[in-house]
Structure formats: structure tokens, C-alpha cells
Amino acid sequence: MSEDTNKHGHKWTMVVDLDKCTGCQACVVACHAENNVPIASEEEVVKGRAMHWMRIERYWEGEFPDVKAKFIPVFCQQCGDAPCEPVCPVYASYHSEEENVNVQVYNRCIGTRYCGNNCPYRVRMFNYRAPEFDAPLEQQLNPDVTVRGPGVMEKCTFCIQRVRRGAETANAENRLIKDGEVVPACVQACPTNALVFGDKYDEESRVAKLVPNERQFKLLESLGTEPAVYYLKGGETHVGE
Amino acid sequence: MRRLADLSPRQQLILGGAAVGGLVVVIVVFLLIANTTSSAAVDQPIAFNHNKHVNIAENGIQCQFCHTGVYTSPVAGIPSVEKCMGCHGHIATDNPEIVKLTAYWENQEPIPWQRVNEQPSFVYFNHSSHIASGVTCGSCHGDVGTMKTAEKVVDMNMGFCLDCHTQQENKDALIDCVVCHR
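Each chain has its residues counted from 1, following the order in which its sequence is written. All chains are assigned letters beginning at A, and all ligands numbers beginning at 1, according to the order in which they are written. Local features in this predicted model are restricted to residues of pLDDT 70 or higher, and side-chain atom pairs are both shown and tallied only at a pLDDT of 80 or more, whereas totals for entire chains, interfaces and linings draw on every residue. Only hydrogens and water are set aside when side-chain values are computed; all heavy atoms of the structure are taken into account.

Before going further, it helps to spend a moment on the overall build of chain B. Looking only at helices and strands, one finds 10 helices and zero strands in chain B. Sequence-ordered secondary structure for chain B, helices as α and strands as β, is α-α-α-α-α-α-α-α-α-α. Under the scheme applied here, a residue whose accessible area is under 20% of the maximum for its type counts as buried, over 50% as exposed, and between as partly exposed, the area being computed with a 1.4 Å probe on protein chains only. Buried positions account for 20% of the 182 residues belonging to chain B. Where accessible areas are quoted, they stem from the Shrake-Rupley method and a 1.4 Å probe; at the residue level, only the protein chains shown are allowed to cover. Per element, the accessible surface of chain B, about 12700 Å² overall, is 61% carbon and sulfur. In this description a helix means any DSSP run of H or I spanning at least four residues, a strand means any run of E spanning at least two, and both kinds are numbered starting from the N terminus.

Spelled out as C-alpha cells, the structure:
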């Protein structure tokens, strides 16, 4: 399902400007709220069972006292050639030809965890136990997103429920989706606009214009996974661009 | 009367076979009945009669007057007590069911209507997409307008949804799992 062989539908794409990311984690919180992601306890985290669809990796650069913190938000890269897809024995992890994103059908998933083990980005999360939401959090569960049960793999979907809602609205009004109409929760929450989301097949979209950039790179590009997430390298010279 | 132990082994076998066979017949018949009556009416807190309100000869109220979301939203919506009282503040106020209705209104309580059609939580459904494309209420809910009590007439399983989606022009887009599961 490489990028070049599928030209119909949409190519949902994220551009992350590392110059603008302050590592504030607002995106992480927004993602938990939007996608009904349960919060793992400290003991669970120690066991390597943390639940986040999105994480901010932090790197220290330099020697004390001259140190700098660098941040990289990492979430599902929505690979064009995804390692998680062919290993699923029940096709619960599949590629949506329309939206060009990697989708997880939770009710189809039987929990073999092959997909998570084959993901080089470590962004797939397994529900080791039934999800719990401490009161009053259960009152704000998003009705458009399934609450995943125990034994099911889950991950970032580019807020597919918002993408689909945008498509349904545009369909009802007999028009195409406009650039900027669909905004995933993390993008909406980002105070510095470090995250930009859109359809790369739409040549006028902001992502299509941002991608050809000398600062652009992809995570573990050499693996040939064809991520749909593009990063723009950080460096002081570009601040305020 | 002879006791079971007095019977020859052969007779015991025949009797046992007959008993098991009888039981199987009873179970099959029970399952058949249970299946055909799966559309049994739901017990509602007020005996709301669709036919009385929708029937042209009677009142001729349109579906979307009460189910206001059908053109604009995923959920059809159940009318508020206030909407009922807009008419029943004056109409049939002595009817025992309307007395119940008025009590909810005066206590400022919502009516605990029971769901008739309900999808599992992992299924996403959208009314407006269907109504905008000209799919009628009847193709999924049956002729509610003639019902005394709203009943489930079809089991809306995945095959039911896909049977229709695969007949649409843009079927590739409509059978993508993410249309209904997310």
C-alpha cells in the first residue's frame, strides 16, 4: 500500500515543527481526553504498561551548566508501508484505502500483540486490563470513540472520528473537505502551533506546502516504512519562522 | 405402575431416547418462538402511541418534529418533556397516561424511556447521512407510524448494514471498516 500506488481518497499527514515544540504536553492530555485513553498507574508504568497514544521524548544536549532540552512528540506514524499490518492474523490492523491511515478495528482484535512487537516506533499500546476512569473522568468519555476492553491493542488514529465527521459533514453539504477543517485533538491543543495536519493530496493544503522543506526528516526513514508524519528539524536559527 | 428399574434394558433405552427426543423438540420450539418474538414491545414508562400522533387521519405529526436530529446529527433524539407538554398542557389532560406525563413535568424529571434499537458501543451510526441520501426511516425501523408501541423490526447487524452499503455507487468508501468502527 505504498504512497505511489494509492492516489485516491486522502493522504492525511502531520507536520511537526520541532523549533516550535516546547514540550508542554498539552497534546498528550488532549489526546487522552479525546480518545478515551485510560491512565496507567505508577506500578503499571514500571512494568512497561504505560498508556499514551502520544509521548514527548526529551533529550538533553550539552554539559552542565550549558544544557539544552530537546523535545520530539512521537505518535503513530501512519506508515504508508506499515510493519504492523501484514503481521495481524485477523486483519484488525489494516490500511484504510480511503483515508490512507492505519486503522485498528478494536472489535476485531484478538490481542496477539504481533503488531505492537513489529512496530519500530513503539507507539502501539496493549490493554493489559479493563480500562478504569476515576470519577468524574467517566463522565467525559467521548461517545464517538470506542472504549477499548482488556486484551485489545490500540494506538493513535489521527483522530479518525474527527476526520470521518469532517467527511460526513462535507458529504452532506455536497463539497470537498476544506484544508484546516479537520483538526485532531493534539493539533487543537498545541499552544505554539507546532503541529499542522491536513491532506497531502490536496496540493493547496498547508501540509503539502510545508513538506518540501530543507529541515524536513522522518523517523527511522531508512526502514522504508513511509511515515505520514514529517518532522522539521529544530535549531535556534529558525525560531519565529 | 411399573418402576423404571423393573423395565428391561431395551425398554429403558427406548424410554430414555424418547425423553431426550422430546426435550430436543421442546428446546427447538422454544428457540423458534423466542426468535420470532424478538421484536416484542419494550416496556415504556408512559404508553406513548406513535400511531395516534403520526397517523394523518388523527394528528399527522411528522417524525422530525419529535426526532429533531435526523437531518442534522448522528442521533435522532427523543423529544423533551417540554415538547410533549406544549400540546398536553391542554390536550387530553384527564387521560391517566397524560397525568403521569404531567407529573414528570411538575417534578422536573426526564422520562426514563427505554431504548428499542441500540447498537453496541463499538459501532458508529449516523442518521443524517442516511436521511440526506433519501434512505427512509422505514427501511431500518419498519412502519413506526402504524405502531402502538415502537418495536424493533429488523436485527440491524453488520450484514444488514453492508447489504445496503454494497449496493451504493460509492461502495468502496462505504464498506471501509472505519465508517462504522472507530
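What follows is about the nonpolar core. The nonpolar core is taken to be a set of buried Ala, Val, Leu, Ile, Met, Phe, Trp, Tyr and Cys residues, with the residues joined through side-chain atoms within 4.5 Å. Judged by nonpolar contacts, the single largest core of 57 residues is most densely connected at Met14(A), Phe75(A), Phe158(A), Leu195(A) and Tyr231(A). Sorting elements by how many residues they give to this core places helix α4 (residues 160-172) of chain A first, with four residues. Contacts were defined at the residue level, with two residues in contact if any of their heavy atoms lie within 4.5 Å. Residue contacts for Phe75(A): discarding those within four places in its chain leaves Met14(A), Val16(A), Trp53(A), Met54(A), Val123(A), Cys156(A), Phe158(A), Val229(A) and Tyr231(A). Grouped together as the second largest cluster of nonpolar side chains are eight residues, Ile46(B), Val81(B), Tyr104(B) and Ile111(B) included.

A few words on the state of the cysteines. Residue and element names in this part refer to chain A. Cysteine sulfur pairs qualify as disulfides if the two atoms are within 2.5 Å. Throughout the structure, instances matching the rule amount to zero disulfides over all chains. Note on Cys-31: no disulfide assigned, nearest cysteine sulfur contributed by Cys-159 at a separation of 6.4 Å. By relative accessible area, which is 7% here, Cys-31 ends up buried. Not part of a disulfide, Cys-109 finds its nearest cysteine sulfur in Cys-115, a span of 6.4 Å. Residue Cys-109 is classed as buried on the basis of its relative accessible area of 14%.

Here we take up the side chain of Ser96(A). Tracing the backbone shows Ser96(A) in strand β4 (residues 93-96). Polar contacts here mean pairs of N or O atoms no more than 3.5 Å apart (in protein, one a potential hydrogen donor and the other a potential acceptor; neighbouring residues in sequence count only if both atoms are side-chain atoms). A distance of 3.2 Å separates a polar atom in the side chain of Ser96(A) from the backbone nitrogen of Glu99(A). Leaving out residues up to four positions away in the same chain, Ser96(A) has contacts with Val101(A), Val103(A), Asp176(B) and Val178(B).

Let us look at the confidence of the model for chain A. For every residue, the predictor assigns a confidence score, pLDDT, that lies between 0 and 100. Of all residues in chain A, 95% have pLDDT values of 70 or greater, and the mean over the chain is 91. Segment residues 1-5 of chain A is flagged for pLDDT under 50; beyond a separation of four residues in sequence, or across chains, it makes 10 contacts in the model.

Take the environment of Trp60(A) next. Residue and element names in this part refer to chain A. Looking at the element boundaries, Trp-60 is found in strand β2 (residues 54-61). Among the residues examined, Trp-60 registers a relative accessible area of 56% and is labelled exposed. For the pair formed by Trp-60 and Val-101, sequence separation is 41 residues and the distance between their alpha carbons is 32 Å. Residues contacting Trp-60, with those up to four places away along its chain left out, are Lys-68 and Ala-69.

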